[in-house]
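Each chain, written out:
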Amino acid sequence: MRTLFRAAILNPIDAQSWEFLDDGGLLVEDGAIGTLGRFDEVVKSHPLEPIELDGVIVPGFADIHIHWVQHAVRGHYAQALLPWLATHIWPEEARYADTALARERAEMFFADCLAAGTVMGMSYSSPHPAAARIAHEARRGDWITGNVIMTTNAPADLTAASAKPPSDLAVLPDTIGRAHYAVTPRFALNCTARDLAALGAFARYQGLAVQTHLAESEAEVREVERLFPEATDYTDVYDRAGLLGPRTVLGHCIHLSEREWSCLAARGCWIAHCPSSNEALDSGRFDLDTAWRYKIPFALASDVGAGPSHSMLHVMQRFLSQHRAAGVHVTPEAALFYATIAGAHAMGRGAIAGSLSLGKRGDFVLMPRATRLRSPQAWFEDLVQGPMAELERRPLGTWIAGYPVFMNPRPRPSSPAPPC
Ligand SMILES: [Zn+2]
């Protein structure tokens, strides 16, 4: 099965550069990228009738930290982290004991992700193992999911529903598949040191990804220090439990000491940087310069429902805006890289997804192009502008492995909606 697409194409290379083809040809063979180049050259070596697409192709987005069970209440509440969780989020997640509701919401979540151009990611489920299984069965795209482990400091219905380490751990990774399952302690405050150690041992033994939150708010950090007096700091709580390694993705990492940054670098951990969520909960700004200085790998994420939108265009908008306001130099090339290639690497899929390189899965999104495209940089700056509800619906189509999985049914927007 070979399909040749013709469109403008913007393909990220690294955090500093991308490749732009004004009239590009993209050949997808049996689901994988076969050739990418100027259309006239590609069609010469592959004389196929092309599918002509009016827009700009970019790789599908990866969102490496999203709570799919909070999607229906995303952006509804703004409060500091700890009261927000207890007042709004935990009661919402308790509803996912209802498997019919979970199924309906999972379908809505994945449909919305595809419409926004997100084709892969890492999601947090509720504590109910059945809801995580439902999310896995309903997934559209390439996802890693974990049922949050909450054994303490939470309402009884949630701790009762949570899997208990180590006895309850074995089943889900086998059912879901190890490549799609992440060991997911919600955060240190919801687990005992003993539970965390059991989770760390299990993840290492099974070779599983780990995802959790670290140092999102100052109040959270103080509470962790109170509950884990034996640990040097918050990062040490996870390190002692053996939870830190190259397959670990830590959400936020806003309030870290130099010792903690250095520990994360030594363990090779990934960070999920969630700028829109950090703004919504007033958690503080991720220290980009320090992450770069320690060469700690990170990728962008929405952190819905604290993040108000699952749109990675919106996340990139907030990434550029927030760090520029603090005087940090960030570019469109960096934003696109951290929303695509970096996310695929964080998931362990760097060799097979995240860009339009040869042999990778043919996952891409068609974005509207201006009639007069001044420069790829100017086009991209405009692409991520606008209210989030509009950004969630901006893609014109989404393809996975070369197959269309979403086509925007609305008429092409006219001025001032289109970028440029
Ligand atoms: Zn989160």
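Predicted, not measured: the structure shown is a model, and the values here were computed from it.

### Comments concerning the packing of helix 3 (residues 99-115) against helix 4 (residues 129-138)
Argument step 1. Running from N to C, helix 3 and helix 4 point in directions that differ by 35°, and their axes come no closer than 9 Å. The way helix 3 lies across helix 4 gives a crossing that is right-handed. Residues T99, A102, R103, A106, E107 and F110 of helix 3 lie in contact with helix 4, whose contacting residues are A130, A131, I134, A135 and A138.

### Structural notes on the sheet that holds strand 5 (residues 61-67)
Argument step 1. Across the sheet, which stays open at both edges, the 8 strands sit in the order 5-6-7-8-9-10-11-12 with parallel pairing between neighbours. Taken across any chain shown, the strands that pair with only one partner, and hence form the sheet edges, are strand 5 and strand 12 (298-300). Strand-to-strand, the axes of this sheet are offset by a mean angle of 25°, without reference to chain direction.
Argument step 2. Pairing of strand 8 (residues 182-185) with strand 9 (residues 209-214) involves 2 bridges; the strand directions are parallel. Looking across to strand 9, one finds that A182 is bridged to A209.
Argument step 3. Relative to strand 8, helix 7 (residues 193-206) is tilted by about 170°, and along the sheet it contacts strand 7 (142-149), strand 8 and strand 9.
Argument step 4. Against the sheet, helix 13 (residues 312-325) engages strand 5, strand 6 (118-125) and strand 12, with an angle of about 120° to strand 12.

### Remarks on helix 16 (residues 376-383)
Argument step 1. Within helix 16, the full set of buried residues consists of P376, W379, F380 and L383. Projected down its long axis, helix 16 shows its buried positions confined to an angular sector of 95°, all on one face.
Argument step 2. As for helix 16, its buried residues are in contact with strand 1 (2-12), strand 2 (18-29), helix 13, helix 14 (332-339) and strand 13 (364-367).

### A look at the pairing of strand 15 (residues 403-407)
Looking along a regular strand, one sees the side chains alternate between the two faces of the sheet.
Argument step 1. In this sheet, strand 15 lies alongside strand 14 (residues 397-400) in antiparallel orientation, the contact comprising 4 bridges. Within strand 15, the position partnered with W399 by the bridge is P404.
Argument step 2. Count of turn residues in the strand 14/strand 15 antiparallel hairpin: 2 residues, of which A401 carries a positive phi of about 50°.

### Details of the environment of A102
Argument step 1. With respect to the helices, strands and loops of the structure, A102 is situated in helix 3.
Argument step 2. What makes A102 buried here is the crowd of 24 C-beta atoms within 10 Å.
Argument step 3. Once you skip the residues sitting within four places of it in the chain, A102 turns out to touch Y96, A131 and I134.

### A few points about the sheet that holds strand 13
Argument step 1. Read across the sheet, 7 strands follow the order 3-2-1-4-13-14-15 without closing on themselves; strand pairing throughout is mixed. Each edge of the open sheet is held by one strand with a lone partner, namely strand 3 (32-38) and strand 15. Averaged over all pairs of adjacent strands, the angle between their axes in this sheet comes to 35°, without regard to strand direction.
Argument step 2. Taken strand by strand, helix 14 contacts strand 1, strand 2 and strand 4 (51-59), and its axis lies near 130° from that of strand 1.

### A few points about the domain arrangement of the chain
Argument step 1. As assigned here, the chain comprises domain 1 (2-60 + 355-407) and domain 2 (61-310).
Argument step 2. Here the C-alpha centroids of domain 1 and domain 2 sit 31 Å apart.
Argument step 3. Tallying the contact residues gives 12 residues for domain 1 and 13 residues for domain 2.
Argument step 4. Contributing elements (two or more residues each) for the side of domain 1 that touches domain 2: helix 17 (388-391), strand 14 and strand 15.
Argument step 5. Class assignment for the residues of the side of domain 1 that touches domain 2 results in 7 nonpolar, 2 polar and 3 charged.

### So, unusual backbone geometry
Argument step 1. The amide bond that connects P165 to the next residue, P166, takes the cis arrangement and shows omega of -5°.
Argument step 2. Relative to the helices and strands, P166 is located in the loop between helix 5 (156-161) and helix 6 (171-176).
Argument step 3. Note the cis peptide between V304 and G305, where omega equals 5°.
Argument step 4. Along the chain, G305 turns up in the loop between strand 12 and helix 13.
Argument step 5. Even without being a glycine, H252 presents a positive backbone phi close to 85°.
Argument step 6. Within the fold, H252 resides in strand 10 (residues 248-252).

### Examining the nonpolar core
Argument step 1. Within the largest apolar cluster, 129 residues are counted, with the highest numbers of intra-cluster contacts made by I57, A299, M316 and A339.
Argument step 2. Of all the elements, helix 3 adds the most residues to this core, at 7 residues.
Argument step 3. Here this core spans two domains, and each of domain 1 (2-60 + 355-407) and domain 2 (61-310) adds at least three residues to it.
Argument step 4. Dropping the residues within four chain positions of it, I57 is found in contact with F5, A7, I9, L26, F364 and L366.
Argument step 5. Of all hydrophobic cores here, the second largest spans 6 residues; its members include L81, L85, L281 and A306.

Rules used in this analysis
- Residues numbered from 1 in each chain as written.
- Predicted model: local features only at pLDDT ≥ 70, side-chain atom pairs only at ≥ 80, totals over all residues.
- Axes fitted to C-alpha atoms, helices over the stretch in contact; angles between N-to-C directions.
- Helix = DSSP H or I, 4+ residues; strand = E, 2+ residues; numbered from the N terminus.
- Left-handed = near helix turned anticlockwise from the far one by under 90°.
- Contact = placed C-beta atoms within 7 Å.
- Pairing = 2+ DSSP bridges.
- Buried ≥ 20, exposed ≤ 12 C-beta atoms within 10 Å, placed from the backbone.
- Arc of directions from axis to C-beta.
- Domains from an automatic or database assignment.
- Nonpolar A, V, L, I, M, F, W, Y, C, P; charged D, E, K, R; others polar.
- Core = buried A, V, L, I, M, F, W, Y, C linked by C-beta atoms within 7 Å.

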